[in-house]
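Reading the structure
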Amino acid sequence: MTVIKPQLAIVEANRPAAPPASVGLPDIEAAAARITGKVERTPLVASPSLSRLCGQPVHLKFETRQPIGAFKLRGAMNAVLALGEDQRRRGLVTASTGNHGRAVAYAARELGLAAAICMSALVPANKVEAIRSLGAEIRIFGRSQDDAQIEVERLVAERGLIPIPPFDDPDVVAGQGTIGLELVEELPELACVLIPLSGGGLAAGIAVAVKALRPFARIVGISMERGAAMAAAIVAGRPVEVVEEETLADSLGGGIGLANRVTFALCRELIDEVVLLSEAEIAAGIRHAAREEGEIVEGAGAVGIAALLAGKVSPQGPTAIVVSGRNIDEAVHRRIVSGAAA
Ligand SMILES: *Cc1c(COP(=O)(O)O)cnc(C)c1O
């Protein structure tokens, strides 16, 4: 699977270095104004069982209720709405492990634009079909997120399509940050936020909003032990390559990009703690969500719940868990909820 990696290094080396970019509270407020009415304002629901478990009020932010079943619609919609008319007409392209591709396809359909979605052969079949049914052109390429990104670069160069990145883009980060505005509005005493962490668009956006409005709130990023790219980058002090492995939290797979310009700096500065979870712990989170909270949640979406259940986070004060998505293969979900080991 790493065969094509040197090629990616060449692509990145030849590209003129994009300047670093950042995101502030005004960007997130602008994003909120732009996407209102085009994405769901999702419910924040108290969890009696998790509150009992940690002796603090725990609330679940159900991004599972977005029309595509994941939060990614916020960032994608904001990025597409920020484009000029001539850019929109050229059509959109992105690489995705599934949910971001689904979000771009959905936004394109809503706004009457064309979209091509590039993904690796590791992306589960249910996610591929969901995107196809939204009317996007599907391109399967290679065995990793990095491989799929090479195909994006080609379509940008050869067809002039407009890339909508999955996380490392100021408009995408600002869109995801609208979750942070909603959390502070609905839970003014907010003291701790548990956020699934992969490329860091979700965590960076929420952290910018929450830290601006509640400077003492604690931001916890949560990844799987198998291939946690942002955690490895924070430890190394720079973006590093990680080996992509299969995991129940498949939406958290992939690297952060060696030429990362937005999310790495924000995550390094604003995340207070990173927690890593085993596959069995993630399975327990999925099971708890189904049995106790009545919600179908995919592995990536369940890591916040899983971290509390595993005793790896001990929040002090009112806590919000971002339940980021629900797009899990039905058979896998049934097997986990029925109690089979991960
Ligand atoms: C993309 C995704 C994440 C991680 O978001 P990043 O911005 O890449 O950190 C978490 N959960 C789900 C369901 C996702 O689709």
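Throughout what follows, the structure given in this document is the object of discussion. Sequence order as written defines residue numbering, which begins from 1 separately in each chain. Where local features are concerned, this predicted model is filtered to residues with pLDDT of at least 70; where side-chain atom pairs are given and counted, the filter is 80 or more; whole-chain, interface and lining totals use all residues. With hydrogens and water excluded, all non-hydrogen atoms of the structure serve as input to the side-chain values.

**Some details on the overall build of the chain**
Just so we agree on the cut-off: What counts as a helix is a DSSP run of H or I of at least four residues, what counts as a strand is a run of E of at least two, and both are numbered from the N terminus. This radius of gyration counts C-alpha atoms alone. The globule rule is 2.2 Å times how many residues there are, raised to the power 0.38. When accessible area is computed with a 1.4 Å probe and restricted to protein chains, residues below 20% of their type maximum are described as buried, those above 50% as exposed, and intermediate ones as partly exposed. Neither His nor the chain ends contribute to the count of charged residues, in which Lys and Arg are positive and Asp and Glu negative. Charge positions come from single atoms, namely NZ of Lys, CZ of Arg, CG of Asp or CD of Glu.
Across its full length, the chain holds 15 helices and ten strands. Against the compact-globule benchmark of 20 Å for 342 residues, the chain has a radius of gyration of 18 Å, which places it among compact chains. Projected onto its principal axes, the C-alpha coordinates of the chain cover approximately 55 × 45 × 40 Å. Scored against the burial criterion, the 342 residues of the chain give a buried share of 58%. Separation of charge centres in the chain, based on 34 positive and 39 negative side chains, amounts to 2 Å.

**Description of the pairing of strand β5 (residues 137–140)**
Let me state the cut-off plainly: A pair of strands is treated as paired once DSSP finds two or more bridges between them. Note on handedness: a crossover is taken as right-handed if, strands pointing away from the viewer, the path from the first strand over the helix to the second is clockwise.
When strand β4 (residues 115–119) meets β5, the two strands line up parallel, connected through four bridges. Looking at the pairing, alanine 116 lines up with glutamate 137 of β5. Regarding topology, helix α7 (residues 125–132) serves as the crossover connection from β4 to the parallel β5, and that connection is right-handed.

**Structural notes on the site of the ligand**
Convention followed: One heavy atom within 4 Å of a molecule or strand makes the whole residue count as near it. Any N or O atom pair separated by 3.5 Å or less is treated as a polar contact, with the protein-specific requirement of one donor-capable and one acceptor-capable atom, and with residues adjacent in sequence counted only for side-chain atom pairs. The method behind every accessible area is Shrake-Rupley, applied with a 1.4 Å probe, and residues are considered shielded solely by the protein chains displayed. Here a cavity means grid points, on a 1 Å grid over the protein atoms only, where a 1.4 Å probe fits yet cannot get out; a pocket means an open set of points with protein on both sides within 12 Å along at least five of seven lines; lining residues are those with an atom within 4 Å of a point. If over half the atoms of a molecule are within 2 Å of the grid points of a cavity or pocket, the molecule is regarded as sitting in it. In this classification, Asp, Glu, Lys and Arg are treated as charged, Ala, Val, Leu, Ile, Met, Phe, Trp, Tyr, Cys and Pro as nonpolar, and every other residue, Gly included, as polar.
The immediate surroundings of the ligand are formed by 16 residues, with Lys72, Asn99, Gly200, Leu202 and Ser324 found nearest. Backbone polar atom of glycine 199 to an oxygen atom of the ligand: 2.9 Å apart, as the coordinates give it. Here glycine 201 contributes a backbone N or O atom positioned 2.9 Å from an oxygen atom of the ligand. Coverage of the ligand by the protein chains reaches 98% of its 390 Å² of free accessible surface. Given that more than half its atoms are within 2 Å of the pocket grid, the ligand belongs to the largest cavity. Residues that form the shell around the ligand fall into these classes: six nonpolar, eight polar and two charged.

**Remarks on helix α8 (residues 145–159)**
One turn of the α-helix equals 3.6 residues, which is why residues spaced by three or four share an orientation. We count it as follows: The span you would expect from a helix comes to 1.5 Å times its residue count less one.
A rise of 1.5 Å per residue sets the reference length of α8, with its 15 residues, at 21 Å; its end C-alpha atoms lie 21 Å apart and thus fit the reference within 8%. Looking only at α8, the buried set comprises Gln145, Asp146, Asp147, Ala148, Ile150, Glu151, Val152, Glu153 and Leu155. Glycine 160 sits one or two positions beyond α8 and adopts a positive phi of about 70°.

**Quick look at the sheet that holds strand β3 (residues 92–95)**
Filter applied, for reference: Contacts: residue pairs with any heavy atoms within 4.5 Å of one another. Angles shown run from 0 to 180 degrees and are taken between the N-to-C directions of axes, each axis being a line fitted to C-alpha atoms and, for helices, limited to the stretch in contact.
An order of β5-β4-β3-β6 is seen for the four strands of this open sheet, with the pairing classed as parallel. The two strands at the open ends of the sheet, each matched to only one other strand, are β5 and β6 (162–163). Pairing between β3 and β6: two bridges, direction parallel. Along β6, the bridge assignment pairs valine 93 with proline 163. The strands touched by α7 are β4 and β5; relative to β5, the strand with the most contacts, the crossing angle is about 150°.

**Concerning empty space enclosed by the protein**
So the rule is basically this: Grid points are joined across faces, edges and corners, and a volume is the space filled by probe spheres set on the points. Here the bounds of each domain stem from an automatic or database domain assignment.
By the definition in use, this model includes two cavities of 30 Å³ or more. Approximately 320 Å³ is the volume found for the largest cavity. Forming the walls of the largest cavity are 27 residues, and the residues nearest its centre are Phe71, Lys72, Ser198, Gly199 and Ser251. Only α6 (99–111) and α10 (201–213) provide two or more residues apiece to the lining of the largest cavity. The greatest single-element share of the lining of the largest cavity, amounting to three residues, is contributed by α10. Class assignment of the residues belonging to the lining of the largest cavity gives a composition of ten nonpolar, 15 polar and two charged. If you count residues domain by domain, the lining of the largest cavity takes at least three from each of domain 1 (2–71 + 169–337) and domain 2 (72–163). By volume, the second largest cavity is sized at about 30 Å³.

**Brief notes about the sheet that holds strand β10 (residues 319–323)**
Across the sheet, which stays open at both edges, the six strands sit in the order β1-β2-β10-β7-β8-β9 with mixed pairing between neighbours. Of all strands in the sheet, those with a lone pairing partner are β1 (44–46) and β9 (273–277), marking the two edges. Neighbour-to-neighbour, the strand axes of the sheet open up by a mean angle of 25°, direction not taken into account. Where strand β2 (residues 58–62) meets β10, five bridges bridge the pair, whose relative direction is parallel. The partner of valine 58 across the bridge, within β10, is threonine 319.

**Side note on the nonpolar core**
In globular proteins that are soluble, nonpolar side chains generally tend to be buried together. As a reminder of what qualifies: Side-chain atoms within 4.5 Å are what join buried Ala, Val, Leu, Ile, Met, Phe, Trp, Tyr and Cys residues into a set we call a nonpolar core.
Leu183, Leu190, Val193, Ile195, Ile206, Val210 and Leu266 are the most contacted members of the largest nonpolar core, which totals 40 residues. The set of elements that each furnish at least two residues to this core consists of α2 (25–35), α9 (170–186), β7 (192–196), α10, α11 (229–236), α12 (263–270) and β10. Top contributing element to this core by residue count: α10, with eight residues. Valine 193 has contacts with Leu183, Ile206, Val210, Arg218, Ile219, Val220, Ala320 and Val322, leaving out every residue within four places of it along the chain.

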